[in-house]
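Single-letter residue listing:
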Amino acid sequence: MERTGLKKIINKVFQIALPLVLGVAILWWTYHDFDFRRVWSVLDGGMNYGWMAFSLVFGVLGHLFRGWRWNLTLAPLGEYPRVANSVYAVFVSYAANLVVPRVGEVSRCGILAKYDGVSFSKSLGTVVTERLIDSLCVILITVVTLLLQSRIFAAFFEKTGTNMGFFTGLFTSTNFYITLTCLFAAGVLFFFLVRKLAIFTKVRSILNDVWAGCLSLRHVKRPWLFTLYTIGIWACYFLQFYVSFYCFDFSASLGWMPGLVMFVVGSIAVAVPTPNGAGPWHFAVITMMMMYGVDKDDAGIFALLVHGIQTFLLILLGIYGLVALPLVNKKHAGK
């Protein structure tokens, strides 16, 4: 028992420490020769706080749209949580991801299970579907942006030392398809084991609920509203980033197309499991800003302040959600 408890503690420390260490290491490498005194001078009169506040409005709206959209996917499963609970759960989930990357997806399902009795496994399935849709959105935006700004991306890959020949060779390699086939076969084998073995009855039930959650999208009653919310989420994410350009003199004239390019690169960078993409996001945005002629130190200031302020917003929303959830539900329980 003691060994099991120690193992759990080590695993938890590892889950928290590894992303944090990775993020800090990349940040140190990116900013090791940076003059941080310039940051204070920018904060003291060198930044337009009105534009920054305006950009954060889109950050809040994006979370609202995500909470509203989540309720649409839960309805076909016979789950009808309060809209406020869904929104607050989204607030908390993004703050939780700052501590342990990707744990937020689990925490928000737990919140609805606690306050509205929503099936945890079914809601987790809707979150999986949501992430797949988000990935498709990122791919679509990336493809369109690549077509419009191919030269800039080629220069970015060259500057960051990315060998594009590796990727073209990867998908034409026999070894790649052999590995893919083996993974597919292993997945099929696992599927049949889960179906056949009685020991997996509980797991099978959970997986069925998760799968039902994944398929809930097919039965959304108002698909046009789901589509509208999805567009709204990604439009808000982009506008939150782009509007922040107007906070600084050195980035105010860049235009929306450079903003779209940096948004795409930053969205891909946050896939690296560090708290809110800290480190990889800074490196990607700074490198891309320099492609558009922004001084390295100015680009460093932009990335540091914009990411820092947006992260602070996530913390505030998370705290607000944690405080509001018991209060709102106590109020409803008393009626």
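What you see is a predicted model, and the numbers here were worked out from it, not measured in a lab. Within every chain, residues take consecutive numbers counted from 1 along the sequence as written. Per-residue local features are limited, in this predicted model, to residues with pLDDT of at least 70; the limit for side-chain atom pairs, both in listing and counting, is 80 or more; totals at the level of whole chains, interfaces and linings are taken over all residues. The side-chain numbers reported here are obtained from all heavy atoms of the structure, hydrogens and water having been left aside.

1. Quick word on a nonpolar patch on the surface
What counts, and what does not: Patch membership requires more than 30% relative accessible area and the absence of a salt bridge. Residues of like charge join within 9 Å; the nonpolar side chains Val, Leu, Ile, Met, Phe, Trp and Tyr join within 5 Å. For accessible areas, the Shrake-Rupley method is used with a probe of radius 1.4 Å. Any residue's cover is judged against the shown protein chains and nothing else. What counts as a salt bridge is simple: a side-chain nitrogen of Lys or Arg found within 4 Å of a carboxyl oxygen of Asp or Glu. Numbering of helices and strands starts at the N terminus; helices are DSSP runs of H or I of at least 4 residues and strands are runs of E of at least 2. Three exposure classes are used, based on accessible area relative to the maximum for each residue type with a 1.4 Å probe and protein chains only: buried under 20%, partly exposed in between, and exposed over 50%.
A contiguous nonpolar patch, built from Phe-312, Ile-315, Leu-316, Ile-319, Val-323 and Leu-327 and spanning about 560 Å² of accessible area, is present on the exposed surface. Residue position: Val-323 is located in helix 14 (residues 296-333). Looking at Val-323, the relative accessible area reads 47%, which means it is partly exposed.

2. Overview of the UniProt feature "transmembrane region" (unreviewed entry) in the protein chain
So the rule is basically this: UniProt positions are given in the numbering used here, feature names are shortened, and annotations may be inferred rather than shown by experiment.
Under the feature "transmembrane region" (unreviewed entry), the UniProt entry names residues 12-31, 51-68, 132-156, 176-194, 224-243, 255-272 and 300-328. Here residues 51-68 is 100% helix and 0% strand, with 26 Å between the C-alpha atoms at its ends. Along residues 255-272 the backbone is 78% helical and 0% strand, and the end-to-end C-alpha distance reaches 27 Å.

3. As for the layout of surface pockets
So the rule is basically this: Site definitions follow a grid-based scheme: protein atoms alone, a 1 Å grid, a 1.4 Å probe that fits but cannot get out for cavities, and for pockets an open set with protein on both sides within 12 Å along at least five of seven lines, plus lining residues having an atom within 4 Å of a point. Grid points are joined across faces, edges and corners, and a volume is the space filled by probe spheres set on the points. Here the nonpolar group is Ala, Val, Leu, Ile, Met, Phe, Trp, Tyr, Cys and Pro; Asp, Glu, Lys and Arg are the charged ones; every other residue, Gly included, is treated as polar.
Space inside the largest pocket adds up to approximately 1,100 Å³. Along its surface, the largest pocket is lined by 34 residues, and Tyr-94, Trp-234, Tyr-237, Ser-267 and Val-270 are the ones closest to its centre. For the lining of the largest pocket, the secondary-structure elements that each account for two or more residues are helix 3 (49-74), helix 4 (83-99), helix 6 (120-148), helix 11 (223-243), helix 12 (256-269) and helix 14. For the lining of the largest pocket, the element with the highest residue contribution is helix 6, accounting for 6 residues. Of the residues that constitute the lining of the largest pocket, the class distribution is 16 nonpolar, 13 polar and 5 charged.

4. Some thoughts on the packing of aromatic side chains
For clarity, the cut-off: Stacked, tilted and edge-to-face are the three classes applied to pairs of Phe, Tyr and Trp rings, where Trp contributes its six-membered ring and a pair requires centres within 6.5 Å; stacked means planes under 30 degrees apart, edge-to-face means over 60, and tilted covers the rest. Counted as over-ring charges are cases with an Arg CZ or a Lys NZ within 6 Å of the ring centre that also lie within 35 degrees of the ring normal.
Summed over the entire model, instances satisfying the criterion amount to 25 aromatic pairs. Arranged with centres 5.1 Å apart and planes meeting at 65°, the rings of Phe-54 and Phe-58 form a pair that is edge-to-face. Taken together, the residues Phe-54 and Phe-58, both in helix 3 and 4 residues apart, mark about one turn of the helix. Residue Phe-54 is classed as partly exposed on the basis of its relative accessible area of 39%. A relative accessible area of 13% means that Phe-58 is categorised as buried. With 5.5 Å between their ring centres and 70° between their planes, Phe-245 and Phe-302 make a pair best called edge-to-face. Here the residue Phe-245 occupies a position in the loop between helix 11 and helix 12, and Phe-302 occupies one in helix 14, the gap between them amounting to 57 residues. Judged by its relative accessible area of 1%, Phe-245 falls in the buried class. We classify Phe-302 as buried; its relative accessible area is 0%. The side chain of Arg-108 reaches across the aromatic face of Trp-70, ending 4.5 Å from its centre.

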